[in-house]
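# Structure assessment
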Amino acid sequence: MCVGLVTVMSARGAEKAKNPSLAILSDNKAGASEKVSAIEAYVRSVEKNISSSQRKEQMLSPDELKNVTNENWTKIHTYSDGADLKRMKLYPPAGSQRTEEFYYHDGKPVFVFLEANAAAKRNHDQNATEDKYYFTDGKLIAATAADGKSIDVKSAEAKQMSEKLQKESEAFRATVK
């Protein structure tokens, strides 16, 4: 039992060593801006290594995800490092360029990016100015609107969007298993 616990703890320590910037996400004393910076660094790291990630494509039938979203997504790309899902991108039907990108750490979304003109882009455009949502342990900690202004995460609209994105993430992940 002790050997197993030490092995698990060693594996967790190795994971933190690979992603030292994410250790701050579990620090209750760290502020939202520090966590946002860590998440942005993590997203850049995922994108830097995207070519070495395992990519899977799942085609979706019309209305397949209508129980959780009003978008009519046609396909999902997932990018994984072994069994660890790092990124998921949803694509629209012909005539639309809107996409949603979800970035995961430890099986939970940490960043969601809603982009109006990204269907032709393979990688995340860190300079794009669309809606950005930052999460820690399933809780929305920061959000930025397309105009670059901060969104009050305590507002009813932000809370509603947070719930929507969490439900979408769960449904989308279940679809690609």
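Provided above is the structure to which this section pertains.
In short, a report on the structure. (Residues numbered from 1 in each chain as written. Predicted model: local features only at pLDDT ≥ 70, side-chain atom pairs only at ≥ 80, totals over all residues. Heavy atoms only, no water.)

Now for the overall build of the protein chain. When helices and strands are tallied, the protein chain shows three helices and seven strands. For the protein chain, the α and β elements follow one another from N to C terminus as α-α-β-β-β-β-β-β-β-α. With 177 residues in all, the protein chain has 38% of them scored as buried. Here the contacts in the protein chain between residues at least 6 apart in sequence split such that 40% fall between residues at least 24 apart. Counting only carbon and sulfur atoms, one obtains 50% of the accessible surface of the protein chain, whose full area is about 10100 Å². (Helix = DSSP H or I, 4+ residues; strand = E, 2+ residues; numbered from the N terminus. Buried < 20%, exposed > 50% of the residue type's maximum accessible area, 1.4 Å probe, protein only. Contact = heavy atoms within 4.5 Å. Areas by Shrake-Rupley, 256 points an atom, 1.4 Å probe, with all protein chains shown as cover.)

Okay, the nonpolar core next. With 18 residues, the main nonpolar core has M88, L90, F102, V112, Y133, L165 and F172 as its most contacted residues. Among the elements of the structure, β3 (84-91), β4 (99-105), β5 (108-115), β6 (131-136), β7 (139-144) and α3 (156-175) are those that each provide at least two residues to this core. Counting residues in each nonpolar core, the second largest holds 16 residues, with V46, I50, Y79 and I141 among its members. (Core = buried A, V, L, I, M, F, W, Y, C linked by side-chain atoms within 4.5 Å.)

Here we take up helix α2 (residues 32-48). An ideal rise of 1.5 Å per residue puts 24 Å on 17 residues; α2 measures up with 24 Å between its terminal C-alpha atoms. Against β3, β4, β5, β6 and β7 lie the buried residues of α2. (Expected span 1.5 Å × (residues − 1).)

Applying the stated criterion across every chain yields a total of eight salt bridges. Of the charged contacts, one joins E71 and R98 as a salt bridge, the two residues approaching to 3.2 Å between their closest N and O atoms. Placement of the pair is E71 in the loop between β1 (54-59) and β2 (75-81) and R98 in the loop between β3 and β4, with a sequence separation of 27 residues. Judged by its relative accessible area of 22%, E71 is partly exposed. A salt bridge links E100 to R98, with the shortest nitrogen-to-oxygen separation between them at 3.8 Å. In the salt-bridge network here, residues are joined through shared partners; they are E47, R87 and E101. (Salt bridge = Lys/Arg side-chain N within 4 Å of Asp/Glu carboxyl O.)

Take the sheet that holds β7 next. Strand order in this open sheet of seven strands is β1-β2-β3-β4-β5-β6-β7, and the pairing throughout is antiparallel. Of all strands in the sheet, those with a lone pairing partner are β1 and β7, marking the two edges. Ignoring which end each strand starts from, the neighbouring axes of this sheet average 15° apart. Together, β1, β2, β3, β4, β5, β6 and β7 form the strand contacts of α3, whose direction differs from that of β4 by roughly 80°. (Pairing = 2+ DSSP bridges. Axes fitted to C-alpha atoms, helices over the stretch in contact; angles between N-to-C directions.)

One non-glycine residue, D106, lies in positive phi territory at about 55°. Looking at where D106 falls in the secondary structure, it is placed in the loop between β4 and β5. One non-glycine residue with positive phi stands out, namely D137, at about 50°.

Shape is all these values report; function is a separate question.
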